[in-house]
Structures are given as structure tokens and as C-alpha cells.
Amino acid sequence: MVYKMKTIFNIKITYAILIASLIFWAFFAFFTMNQLIKTQEVYAKLINISGKQRMLSQKTALMVKRVNESKDKLLFKHLKEIISLMKRDHHFLLENLTSDEINKIYYGKKYNLNGDVEKYFSLLDNFLFDSGNVKLVESILSFSFDLLPKLDFAVNKYEKESEMYTYALKQRELFILIGTLLTILFEAVLIVIPSVKRIIKTEKRLKELNQNLEKKVDEQKKLILEEHEKVKKREKTLSDQSKLISMGEMIGNIAHQWRQPLSVITTIVSGINLKLDYGQKVFEKELREASKQILQQADYLSKTIDDFRDFIKSEKNYSEIKITEVIKKTLSLVDASLKSNHIKIETKIDEDILILGNINELSQALINIIKNSKDALVLLDEKKSERVIFIETKKLNSKEFLLSILDTAGGIQEEIIDRIFEPYFTTKHPTVGTGIGLSMCDKIIRERHKGVIFVENREFEYNNKTYKGAYFKIIFNY
Ligand SMILES: Nc1ncnc2c1ncn2[C@@H]1O[C@H](COP(=O)(O)OP(=O)(O)OP(=O)(O)O)[C@@H](O)[C@H]1O
Ligand SMILES: [Mg+2]
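Residues numbered from 1 in each chain as written. Chains lettered and ligands numbered in written order. Predicted model: local features only at pLDDT ≥ 70, side-chain atom pairs only at ≥ 80, totals over all residues. Heavy atoms only, no water.

Focus on the packing of helix H8 (residues 359-377) against helix H9 (residues 437-449)
Two packed helices can be described by the angle between their axes and the distance between those axes.
Phase 1 of the analysis: At their nearest, the axes of H8 and H9 sit 9 Å apart, and the two run at 150 degrees to each other. As H8 packs across H9, the resulting crossing turns out to be left-handed. Touching Glu361, Leu362, Gln364, Ala365, Asn368, Ile369 and Asn372 of H8 are Gly437, Leu438, Met440, Cys441, Ile444, Ile445, Arg448 and His449, all from H9. (Axes fitted to C-alpha atoms, helices over the stretch in contact; angles between N-to-C directions. Helix = DSSP H or I, 4+ residues; strand = E, 2+ residues; numbered from the N terminus. Left-handed = near helix turned anticlockwise from the far one by under 90°. Contact = heavy atoms within 4.5 Å.)

See below:
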């Protein structure tokens, strides 16, 4: 990591340096070009003017001769103009002495071009005052003749200097070109190649990481699926256990429910047998009545078997069911067992609703709640308190419907009331309770019927006596 930071840092610095040097080369090239153009401009002007000076020196000498001979006023005027032009140009040349050598040509002892030119100008000035002076004309001609090689020399010097400067600047251009190319080469070697290498390496690492990640996700998925399977299995065991408990309760119920009709049948048949034993006549009417009653009881027995069979059918289908139907069915299944334990059921079914649900599952949930009340109620001293279970329904509002179950058993201990819906939570002896009943009930109501179930202890008056009991509230949406 530290190494990487270092390389990134280095690359950044190198990159900055290279960019700075590219900018430097660009500016350098710009200034060199500018200088080249300016130098060429200056030298072109100087070469031009010094050449012109050379040409004018000859021209003035010839014109002096012609003016002297012809006395032509126009020519004289023209000569005057040319002389002043020459003076102006000479002044310009003196102001722009480009090098020591040129300086020496103009002011040095050896050439003293300036002195000669000044002298030539004074001769010309004299001529302008005395144009008839033949001697003066001759000395102008001879002086111009002497001046020519010196002026030539100056022109040549300017040309050479110009060439030299141009050459030097061209060399500099080459230098700039090489410098720029080297900078670009450095950029390629120090930045582009390492960056490309790093990108390739990073891509490879990313690919590997991706593959690892996919592998991990797959493993995670597998784990989740396994966990899901386990949870499903656990839930199935829970539901099976709960069903078994309810079936145990049901068998108990059947035993209670059958006891009565079986004793009726036994009584009828024993009555007839007794008559026959004592040689009494059994009339047809009597037999018909007996068989009618036996059939009725048998019907009842068969119906309880149907109920039981319906209940144990593990149908998971939903259909539109009435809450009152659920209550009716539940009571028909637990009625006998409750009665045999002297437990009274008080129902207050005000309103009814239709919900989408499974009647067996809901009955199972209610049986679990009622069984708990029964377990608690049987512990009560019958002489002191009544054993009652109240079942009530009512619409809470336009969306919610309440089904409540309350008992007179004294309520649930406050320390455990928050835990009673947990699976396997029980306060009962292992032979009596497993702690599955309410957790199943909660599951059936919440998950399968989109309802909610709450519990609280409630104190209330019943037959002029105060009771406390567990109050279960189931709220369905409709
Ligand atoms: N009506 C009630 N009165 C008093 N205590 C109750 C009542 N209903 C439930 N409980 C308490 O809640 C606990 C959990 O109830 P749950 O039905 O889940 O399990 P269980 O009845 O103990 O066992 P199982 O239902 O599996 O036979 C009970 O052990 C009991 O202590
Ligand atoms: Mg229970």
C-alpha cells in the first residue's frame, strides 16, 4: 500500500514536471519564433537601407556632376532631396548598430565609415552652396569612389550577421524540437507505459476480485438456501407437533362427545334386552322408536368422526369463510371436553365478517387458546369461582374486526406475559405442555391470515363477582 502510494505520488510529480517542461518548450519555441521574425525584420531593413545608402552615394556623385554641367534646377532640387534622405538613413543606421563589429566599422579607426560618410555629406552640402565649383565636383566623385567599398563592406557585414543570427535561431529551433520530442518520450516511458501496465494489472485484479466475489455470493446463496430449508423443516416440525397436540385434544374431545351417545345407545339396547330377558313383549312401535334413537345417536357419532377427519385433513387452501363459522366449528370440537370440566362458554357474537382463510387452521388457533384457558381454569376451586370462557366478536372500524377470548382463570403471570408467543416457551410440566400452542396460533394468524394477536390480563365483573383473566385479542383486516 505504502509502495503504491509512493508510485502514484511519483507518477503525479513526474507528470507535473513533464507537463511543465512541455509548456516551457512551447513558450521557448514561441519566443524563438518571435525573435527570429523580429531579427529578420530588423536585418532586412538594415540590409535594405545600407544597400540603398551605397546606391545613393553613387547616384549623388553622378547627379552632382550632371547638376554642375547642366545647372538644371529640377535636378538640383532632386539632389537636395536625395541628400536629406541619405542623411536620414545614415542617422537610422547609426541608431541601430547591431554588433560591436558594425560599431567598429562606423566608429573604429580602421574603417571610420561614419567619419567618411559625414565628410561626404559636408562635401555634398558645400556643393549645394557652390554648385559651379568644378574642383568640389571632382573631390565628390573621387570620395564617392573611395566610399563605395566601405559601404559595400557594411552591407556585407549586415548580410553575414543576419545569416548568422538566422542560423543560430534555426539551431535553437532544432534544439526545441529535440527537447520537445525527448519530453514526449519521457512521458511515454515514465507515465504512459507504467499507467497502461497499472491499468492492465488493476483490471486483472478486479477480474479476480469479481470472480472471488461471485464465488462468495454463490456460497452465501447456498448457505441462505440451506438455512431457509432448515427453517422450513423446523417450522414443519413445529406445525406437525402442534397438530399432534390439537389432535390429542380432539381425541379427548371425541371421547367426551362419544360417551353420552354411547350411553344412550347402551341404555336403549339394554332396556330392550332386559324386557326380552323377562319374557316381556317388545312392541314394534317401541322397537322402531329405539332404532330411531340409536340411528340418531349413530348419526351424531358419525358426524363427530367427520369433524375430526376434516380437521386432520391438512388442506392449505384458502376460501371465503365466516368468523362465526370458525367459532362454531371450534366449539363443536371442544364443547364436550369443556363441559366435562365444568367450563361454561359465553359467546357474544354481535357481528360477522367474511375473510379469506383456512377454517381448519383458524380452528386450530382457537383450540390452542381455549385449551390454555381450560388448563388454567381446571386449577380453579369450583366452589369459589366460576369457570367461564367468553368469546366475543365485533367490528372495530370499517377495516378491522375483533375476535376476543377471555377467561376467569386469573390471568398470565406478568413476568412471562411478553414471552408466551415464543416457540417452546411453557410454564407447564413437560408431560402437559410443550410451549408450541401459542406460537403456532400467532403464526397462523399473522402469517396465514394477515391478522394480529395480542394478550393482556383483564379484570372484570361477572355475576356480581370480580374476576381476572387472560384476554386474547385477534384483529383481522377485512
Ligand atoms: N389463558 C391463560 N392463562 C394463564 N396462562 C396462560 C394462558 N394462556 C397461556 N398461558 C401461559 O402461556 C404459556 C405458553 O402457552 P402455550 O400455549 O404456547 O404453551 P403451553 O400451553 O405451555 O404448551 P402447549 O400449548 O404446547 O401444550 C403457558 O405455559 C402458560 O404459562
Ligand atoms: Mg397451550
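Here we look at the sheet that holds strand E4 (residues 388-395)
Phase 1 of the analysis: The five strands are arranged E2-E4-E5-E7-E6 in an open sheet whose pairing can be described as mixed. One side of each edge strand has no neighbouring strand; the edge strands of this open sheet are strand E2 (344-349) and strand E6 (452-462). Pairs of neighbouring strands in the sheet enclose a mean axial angle of 20 degrees, with direction left out of account.
Phase 2 of the analysis: Here E6 pairs with strand E7 (residues 465-477) via eleven bridges, running antiparallel. Bridge pairing in E7 places Glu456 opposite Tyr471. (Pairing = 2+ DSSP bridges.)

Structural notes on the site of ligand 1
Phase 1 of the analysis: What surrounds ligand 1 is a group of 23 residues, the closest being Asn372, Thr426, Thr427, Lys428 and Thr434.
Phase 2 of the analysis: Note that an oxygen atom of ligand 1 is positioned 2.9 Å from one of the backbone N or O atoms of Gly435.
Phase 3 of the analysis: A distance of 2.9 Å separates an oxygen atom of ligand 1 from a polar backbone atom of Leu438.
Phase 4 of the analysis: About the coverage of ligand 1: the protein hides 95% of its 590 Å² of free accessible area.
Phase 5 of the analysis: Secondary-structure elements contributing two or more residues to the shell around ligand 1 are H8, H9 and E7.
Phase 6 of the analysis: Among the elements that make up the shell around ligand 1, the one with the highest residue count is H8 (four residues).
Phase 7 of the analysis: Looking at the shell around ligand 1 residue by residue, the class counts come to eleven nonpolar, nine polar and three charged. (Near = heavy atom within 4 Å. Polar contact = N/O pair within 3.5 Å; in protein donor to acceptor, adjacent residues only side chain to side chain. Areas by Shrake-Rupley, 256 points an atom, 1.4 Å probe, with all protein chains shown as cover. Nonpolar A, V, L, I, M, F, W, Y, C, P; charged D, E, K, R; others polar.)

Side note on the UniProt feature "coiled-coil region" (unreviewed entry) in the protein
Phase 1 of the analysis: Per the UniProt record, "coiled-coil region" (unreviewed entry) is annotated on residues 196-230.
Phase 2 of the analysis: Taken end to end, residues 196-230 is 100% helix and 0% strand, and its two terminal C-alpha atoms sit 50 Å from one another. (UniProt positions renumbered as here; feature names shortened; annotations may be inferred.)

What about the nonpolar core?
Phase 1 of the analysis: In terms of nonpolar packing, the biggest core is built from 44 residues, with Ile420, Phe472 and Phe476 touching the most fellow members.
Phase 2 of the analysis: By size, the runner-up hydrophobic cluster in this structure holds 34 residues, among which are Leu113, Leu123, Leu147 and Ala154. (Core = buried A, V, L, I, M, F, W, Y, C linked by side-chain atoms within 4.5 Å. Buried < 20%, exposed > 50% of the residue type's maximum accessible area, 1.4 Å probe, protein only.)

Regarding unusual backbone geometry
Trans peptide bonds make up most of the peptide bonds, and negative phi angles are found at most residues other than glycine.
Phase 1 of the analysis: The phi torsion at His342 lies on the positive side, around 60 degrees, for a residue other than glycine.
Phase 2 of the analysis: Among the secondary structure elements, His342 is positioned in the loop between helix H7 (323-340) and E2.
Phase 3 of the analysis: Exposure remark for His342: the relative accessible area of 52% places this residue in the exposed category.
Phase 4 of the analysis: Positive phi outside glycine occurs at Asn463, with the angle close to 50 degrees.
Phase 5 of the analysis: Within the fold, Asn463 resides in the loop between E6 and E7.

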